[in-house]
Amino acid sequence: MKVGTLVSSYKWGKGIVIEILTYKPRKPIRVCWLDPRKGQWWTNFPHHKVTTSVVWQNSVTIISEGE
């Protein structure tokens, strides 16, 4: 997986990988979510809206990976 990869998550929706964190074993990545899914607890409060998060690589599906 590379920076700029388009990924999808059941919980968060679609996003773009903006950073690959280097420690192991699960290889965490930082993702900027394009449009976080509605109905989550933070969408009720505009000042709590989250658009980036750190997730494990194995918890997302790769849609398109750049060259």
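Everything numeric here is computed off the predicted structure, so don't read it as measured data.

**Concerning the overall build of the protein chain**
Right, on to step 1. When its secondary structure is counted, the protein chain shows zero helices and five strands.
Right, on to step 2. For the protein chain, the sequential pattern of α-helices and β-strands runs β-β-β-β-β.
Right, on to step 3. Of the contacts made within the protein chain by residues no fewer than 6 positions apart, 46% connect residues no fewer than 24 positions apart.

**Some remarks on the environment of P28**
Right, on to step 1. Position of P28 relative to the elements: it lies in strand 3 (residues 28-33).
Right, on to step 2. Using a relative accessible area of 1% as the deciding quantity, one classes P28 as buried.
Right, on to step 3. The spatial distance from the C-alpha of P28 to the C-alpha of S59 is 9.6 Å, given a sequence separation of 31 residues.
Right, on to step 4. The contact partners of P28, leaving out residues within four places of it in the chain, are I20, L21, Y23, V54, V55 and W56.

**Concerning the pattern of salt bridges**
Right, on to step 1. Taken as a whole, this structure holds one salt bridge when the rule is applied.
Right, on to step 2. A salt bridge links E19 to R30, with the nearest nitrogen and oxygen atoms 2.9 Å apart. Here E19, found in strand 2 (residues 13-20), pairs with R30, found in strand 3; they are 11 residues apart in sequence, far enough to count as distant.
Right, on to step 3. Given a relative accessible area of 29%, R30 falls into the partly exposed group.

Cut-offs used in this document
Residues numbered from 1 in each chain as written. Predicted model: local features only at pLDDT ≥ 70, side-chain atom pairs only at ≥ 80, totals over all residues. Heavy atoms only, no water. Helix = DSSP H or I, 4+ residues; strand = E, 2+ residues; numbered from the N terminus. Contact = heavy atoms within 4.5 Å. Buried < 20%, exposed > 50% of the residue type's maximum accessible area, 1.4 Å probe, protein only. Salt bridge = Lys/Arg side-chain N within 4 Å of Asp/Glu carboxyl O.

Keep in mind these numbers describe shape, not what the thing actually does.
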